[in-house]
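# Topology and contacts: notes
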Amino acid sequence: MLAALLATSAAALLAVPAAGILGHRALRRSRNASLMRIGSPHGIDEQGFVRIGGIDQWISVRGEDLANPVVLELHGGPGASTAIFGPRTRAWEKHFTVVRWDMRGTLKTLGRGGADGQGEMTFERIYADAVEVTDHLRARLGVDKVVLLGHSYGSVFGLRLAREFPERYSAYVGTDQNIHDAGRDTSVHRALLARLRAAGKRKELAAVEALDADAHRWTARERAKYAKLLATSDPLTLETMKKVVMGSLWLSPLHPLRELGHFVKGMSFSEQVTVTAGPSGFDDWADGTGFGLPFFLFQGEKDVLTPPGLARRFFDDVRAPVKGFALIEDCSHFAAFRRPDRFLELLLAHVRPVVAAGESAAGAAAAV
């Protein structure tokens, strides 16, 4: 969704290879590498490629205690790896085993096989990959279920996986949650027009107003330009993209300089997933609001891309064994990474107790 803006920002980083800047980067990356070191006897730090869907895909499994619940993250973009946020979310790994996966077309997976080695780049193919990754983790870590955490575009996959496979997941957590309603809600579009008018952006306003009224007919390029305007027209979102997202990429100890280019290419390359059959025609209400697992949405209170009002309306109609909704204060998109401390508080207060209770009940049933 944000590929054009993220790619532009990443390209700007790559364009300033001054010795002083690179030296500062090396120092900060070294500190972050020390921060991310896991030395606990019952911990895990595995990173590498796993054969998923016929290609090698990069998966990271990290946590300080293998007895903790396993969380599988589905990153957004598409093509926006969450592995870059490792230092910002280091505290999560004290309480959860965090799994981060670069989907096909994304960062390390793209770097491994190249553009020609990514296979079928469709929503349906990546959805099948997610099921395969889930089952790989269940077998590798010896757990019956994992917590499913969907970020932004990843939440589109997450919502459907949670609905279809409650036997594989102990809970669903959505953040920057995308809700599709076949185009009925136009609040995001109207808010964008209002921001452009208020800022006197006549050229940009005219470009948006010239778009086809049916967003399903937009080209990939039109979608990219629209997404860029959504983000750049909102100061909080733009600041978050620059400081949190691109800052994390620049200082990630897991990603050498050459891989920053893979990030740029991956974001652009993965845009094709948004125009294939799938998300453009989704209707989350029609697909079903009943979920057979605990269901949580934690949304940025000022998110202009995936507004909390729409997420709340869907949440209110959800039927689940347990459910919870919370706003993350002073955040737009990427709320979990702008306020990782607050997001962890929500996970510990709402998600982990429910997951632990479910594990205890399952263990008691197995013992009978």
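Within the protein, the regular secondary structure consists of 14 helices and 8 strands. Here the protein has a C-alpha radius of gyration of 20 Å; the compact-globule value for 368 residues is 21 Å, and the two agree. Considering the protein as a whole, with its 368 residues, one finds that 54% of them fall into the buried category. For the protein, contacts bridging at least 24 residues in sequence account for 78% of all contacts bridging at least 6. Taken as a whole, the protein presents about 15,200 Å² of accessible surface, with 55% of it coming from carbon and sulfur.

Another aspect to go through is the sheet that holds strand 8 (residues 323–328). A sheet is described by the order of its strands in space; here 8 strands give the open sequence 1-2-4-3-5-6-7-8, paired in mixed fashion. If you trace the sheet from one side to the other, it starts and ends with strand 1 (44–52) and strand 8, each paired once. Between one strand and the next, the sheet's axes are offset by a mean angle of 20 degrees, whatever the strand orientation. Pairing of strand 2 (residues 55–63) with strand 4 (residues 97–101), which is carried by 4 bridges, proceeds in the antiparallel orientation. The residue of strand 4 that forms the bridge with Arg62 is Val98. Its contacts with the sheet put helix 4 (residues 123–141) on strand 1, strand 2, strand 3 (70–74), strand 4, strand 5 (146–151) and strand 6 (169–175), and the angle it makes with strand 1 is roughly 135 degrees.

So, on to the pairing of strand 3. Taken across its 5 residues, strand 3 has 5 buried, putting it largely inside the fold. Burial along strand 3 is two-sided: Val70, Leu72 and Leu74 and Val71 and Glu73, pointing in opposite directions, are all buried. In the sheet, strand 3 pairs with strand 4 via 4 bridges, with the strands oriented parallel. Residue pairing for strand 4: Leu72 is matched across the bridge by Val99. Direction of pairing for strand 3 relative to strand 5: parallel, over a ladder of 4 bridges. Directly across from Val71, in strand 5, lies its bridge partner Val147.

For the rest of this paragraph, the subject is the environment of Phe263. Structurally, Phe263 can be placed in helix 10 (residues 257–269). The class for Phe263 is buried, based on a relative accessible area of 0%. A sequence separation of 144 residues divides Phe263 from Gly119, and the C-alpha atoms of the two residues are 18 Å apart.

Formed by 44 residues in total, the largest nonpolar core has its most connected members in Phe157, Leu161 and Phe295. Considering every element that reaches this core, the biggest residue donor is helix 4, with 8 residues. If we ignore the near neighbours within four places in the chain, the residues touching Phe295 are Leu159, Tyr172, Phe314, Phe315, Val318, Ala320, Val322, Lys323 and Gly324. Among the nonpolar cores identified, the runner-up in size contains 37 residues, and Phe298, Phe337, Leu346 and Leu347 belong to it.

Turning our attention to the pattern of salt bridges. Under the defined criterion, the tally for this structure stands at 26 salt bridges. Residues Glu73 and Arg100 are paired through a salt bridge, measuring 2.9 Å at the closest nitrogen-oxygen approach. Pair noted here: Glu73 is in strand 3 and Arg100 is in strand 4, with a separation of 27 residues, a long-range link. Neither Glu73 nor Arg100 differs from the other in exposure class; each is buried. The shortest N-O distance in the salt bridge between Asp185 and Arg313 comes to 2.4 Å. Of this pair, Asp185 sits in the loop between strand 6 and helix 6 (187–198) while Arg313 sits in helix 12 (residues 308–317), and the two are 128 residues apart along the sequence. Accessibility expressed as a relative area gives 24% for Asp185, which makes it partly exposed.

Here we take up helix 9 (residues 235–251). With 17 residues, helix 9 should reach 24 Å at 1.5 Å per residue; the first-to-last C-alpha distance of 23 Å fits that figure. Along helix 9, the sharpest change in direction is near 30 degrees and occurs at Met241. Taken together, the buried positions of helix 9 are Leu236, Thr237, Thr240, Met241, Val244, Val245, Met246, Ser248, Leu249, Trp250 and Leu251.

What counts and how
Residues numbered from 1 in each chain as written. Predicted model: local features only at pLDDT ≥ 70, side-chain atom pairs only at ≥ 80, totals over all residues. Heavy atoms only, no water. Helix = DSSP H or I, 4+ residues; strand = E, 2+ residues; numbered from the N terminus. Rg over C-alpha atoms; globule rule 2.2 N^0.38 Å. Buried < 20%, exposed > 50% of the residue type's maximum accessible area, 1.4 Å probe, protein only. Contact = heavy atoms within 4.5 Å. Areas by Shrake-Rupley, 256 points an atom, 1.4 Å probe, with all protein chains shown as cover. Pairing = 2+ DSSP bridges. Axes fitted to C-alpha atoms, helices over the stretch in contact; angles between N-to-C directions. Core = buried A, V, L, I, M, F, W, Y, C linked by side-chain atoms within 4.5 Å. Salt bridge = Lys/Arg side-chain N within 4 Å of Asp/Glu carboxyl O. Expected span 1.5 Å × (residues − 1). Bend = angle between axes of the 7 residues up to and from the residue.

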